[in-house]
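# Fold and contact review
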Amino acid sequence: MQQRIEVVFVSRRNSLRSVLAEACLAHLDSKRFAARSCGQPGRLAADVHPAAVEALGSAGMALPTSPPRSWDLLARAGSLRADVVITLDPSLEPLQPRWPGQPDAALWPYPDVAGAGTGPDDAAHGAIQVLYSLRRRLELLINLPLLGADRSALRSDIRDMAHMR
């Protein structure tokens, strides 16, 4: 792997789960990791969900600067060469494009708090729960011996993090 590890987080609308993951990884270690997020074409939100903004603010994490974007923008040839793609919505796994460079892939399923149709208080509470769960997983990720590590062992470790509670 290269010096700065490119990680892409995928969720349906790119408004809450993937935004939280991108912001959290950037907060934890932006020197070794470049975090990006994206969503399904045609299903993107116009803006970041207010519950994500509130959760990141309460955790002292900066909101990503890019608006919700389609995975088509990141999967274009020459656009990005991801090392790891982490999908946060199981229903999206079979729909995703072929990512350039054949990155390692993992599924870390999280509930769709933004699309649950619940009230703002429930969405805010759900976003905070998702953020803290993501933070635990991402803290483990940044502490893995990434450079010079056996790629299959690393892939297994990242996939195994999906089973954390």
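Here, every reference points to the structure presented above.
Residues numbered from 1 in each chain as written. Predicted model: local features only at pLDDT ≥ 70, side-chain atom pairs only at ≥ 80, totals over all residues. Heavy atoms only, no water.

## Things to note about the side chain of D83
Position of D83 relative to the elements: it lies in the loop between helix 3 (71-75) and strand 3 (84-87). For the buried D83, no salt bridge is present, and the opposite-charge side chain at shortest range is R81, 6.7 Å distant. From its side chain, D83 meets the backbone nitrogen of E6 in a polar contact 2.9 Å long. (Helix = DSSP H or I, 4+ residues; strand = E, 2+ residues; numbered from the N terminus. Buried < 20%, exposed > 50% of the residue type's maximum accessible area, 1.4 Å probe, protein only. Lys, Arg positive; Asp, Glu negative; His and termini not counted. Salt bridge = Lys/Arg side-chain N within 4 Å of Asp/Glu carboxyl O. Polar contact = N/O pair within 3.5 Å; in protein donor to acceptor, adjacent residues only side chain to side chain.)

## So, the sheet that holds strand 1 (residues 5-10)
Ordered in space as 2-1-3-4, the four strands form an open sheet in which the pairing is parallel. Since the sheet does not close on itself, it has two edges, and those belong to strand 2 (33-38) and strand 4 (104-107), each with one partner. Strand after strand, the sheet turns through a mean of 20 degrees between neighbouring axes, direction not considered. Running at roughly 20 degrees to strand 4, helix 5 (residues 151-160) makes contact with strand 3 and strand 4 of the sheet. (Pairing = 2+ DSSP bridges. Axes fitted to C-alpha atoms, helices over the stretch in contact; angles between N-to-C directions. Contact = heavy atoms within 4.5 Å.)

## With respect to the pattern of salt bridges
A side chain of one charge can pair with a side chain of the opposite charge when the charged atoms of the two come close. This structure, assessed with the given rule, holds nine salt bridges. With its nearest N and O atoms 3.8 Å apart, the salt bridge here joins R17 to D112. Pair noted here: R17 is in helix 1 (residues 17-29) and D112 is in the loop between strand 4 and helix 4 (120-142), with a separation of 95 residues, a long-range link. In this structure D112 comes out as partly exposed when scored by relative accessible area, which is 25%. Through salt bridges that share partners, R12, R13, R17, D89 and D112 make up one connected network.

## Some details on the packing of helix 1 against helix 2 (residues 50-59)
At a closest axis distance of 9 Å, the pairing of helix 1 and helix 2 adopts a crossing angle of 25 degrees. Taken together, helix 1 and helix 2 sit at an angle that is classed as roughly parallel. Between helix 1 and helix 2 lies a crossing whose hand is right-handed. Packed against helix 1, whose contacting residues are V19, L20 and A23, the element helix 2 presents A52, A55 and L56 at the interface. When grouped by side-chain class, the residues that make up the contact of helix 1 with helix 2 number six nonpolar, no polar and no charged. (Parallel < 35°, antiparallel > 145°, perpendicular 65-115°, else oblique. Left-handed = near helix turned anticlockwise from the far one by under 90°. Nonpolar A, V, L, I, M, F, W, Y, C, P; charged D, E, K, R; others polar.)

## Quick word on the nonpolar core
Counting residues in hydrophobic clusters, the biggest one holds 38 residues, and the most contacted among them are F9, L20, I86, W108, L134 and I158. Ranked by the residues each element gives to this core, the list is headed by helix 4, at eight residues. In contact with I158, not counting residues within four places along its chain, are V84, I86, A106, W108, L141 and L144. Membership of the second largest hydrophobic core comes to eleven residues, among which are V8, L80, V85 and L92. (Core = buried A, V, L, I, M, F, W, Y, C linked by side-chain atoms within 4.5 Å.)

## Some details on unusual backbone geometry
Non-glycine residue N14 carries a positive phi angle of around 55 degrees. By secondary structure assignment, the location of N14 is in the loop between strand 1 and helix 1. Judged by relative accessible area, which is 1%, N14 ranks as buried. One non-glycine residue with positive phi stands out, namely Q102, at about 50 degrees.

From the geometry alone we can't say anything about function, so treat these as descriptive.
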